[in-house]
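Notes for the structure review
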Amino acid sequence: MSDVKEVVLEYVQEEYLEEDDDIEVTYDTPLISGGIVDSFSMVSLKRFLETRYKIQIPDAKATPEAFDTVENIMVLLKEFGVE
């Protein structure tokens, strides 16, 4: 699971942080409630996960809570057999 976790963390860091940001994103950093990922970015993150891991995440499962931390994303991915 750690490889998947690292991929998700790196994607968030590369896509949503600016080079001059002083924010350190970890597995437990609030992404949505912390203002790092907005609703539009959440859609692109969902698409990335679906493409990368060849899964389909129903909109009902793609909630702000499910995408708020890398840990929460891992719980969601596990539901689809991605570990």
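Below: a short report on this structure. (Residues numbered from 1 in each chain as written. Predicted model: local features only at pLDDT ≥ 70, side-chain atom pairs only at ≥ 80, totals over all residues. Heavy atoms only, no water.)

1. Looking at the overall build of the protein chain
In terms of regular secondary structure, the protein chain is built from three helices and zero strands. For the protein chain, the sequential pattern of α-helices and β-strands runs α-α-α. Scaling as 2.2 N^0.38, a compact globule of 83 residues should have a C-alpha radius of gyration of about 12 Å, and the protein chain matches this with 12 Å. Projecting the C-alpha coordinates of the protein chain onto the three principal axes gives extents of approximately 35 × 25 × 20 Å. At a minimum sequence separation of 6, the contacts of the protein chain that also span at least 24 residues come to 53%. Accessible surface, the protein chain as shown: approximately 5,100 Å² in total, 48% of it carbon and sulfur. Side chains of the protein chain give 7 positive and 20 negative charges; the mean places of these two sets differ by 12 Å. (Helix = DSSP H or I, 4+ residues; strand = E, 2+ residues; numbered from the N terminus. Rg over C-alpha atoms; globule rule 2.2 N^0.38 Å. Contact = heavy atoms within 4.5 Å. Areas by Shrake-Rupley, 256 points an atom, 1.4 Å probe, with all protein chains shown as cover. Lys, Arg positive; Asp, Glu negative; His and termini not counted. Charge placed at Lys NZ, Arg CZ, Asp CG, Glu CD.)

2. A word on the nonpolar core
Within the largest apolar cluster, 28 residues are counted, with the highest numbers of intra-cluster contacts made by L45, L49, F67, I73 and L77. Counting only elements with at least two residues in this core, the list comes to α1 (2-16), α2 (39-53) and α3 (70-79). With seven residues, the top contributor of residues to this core is α1. Beyond its immediate chain neighbours, meaning those up to four positions away, L49 contacts V8, K54, I55, I57, F67, I73 and L77. (Core = buried A, V, L, I, M, F, W, Y, C linked by side-chain atoms within 4.5 Å. Buried < 20%, exposed > 50% of the residue type's maximum accessible area, 1.4 Å probe, protein only.)

3. Points about the packing of α1 against α3
Helix-helix packing: each pair is described by the crossing angle between the helix axes and the interaxial distance. The N-to-C vectors of α1 and α3 enclose an angle of 130°; their axes lie 10 Å apart at closest approach. Judged by the inter-axis angle, α1 sits oblique to α3. For the element pair α1 and α3, the recorded crossing hand is right-handed. Touching V4, K5, V8 and L9 of α1 are V70, E71, I73, M74 and L77, all from α3. By residue class, the composition of the contact of α1 with α3 is seven nonpolar, no polar and two charged. (Axes fitted to C-alpha atoms, helices over the stretch in contact; angles between N-to-C directions. Parallel < 35°, antiparallel > 145°, perpendicular 65-115°, else oblique. Left-handed = near helix turned anticlockwise from the far one by under 90°. Nonpolar A, V, L, I, M, F, W, Y, C, P; charged D, E, K, R; others polar.)

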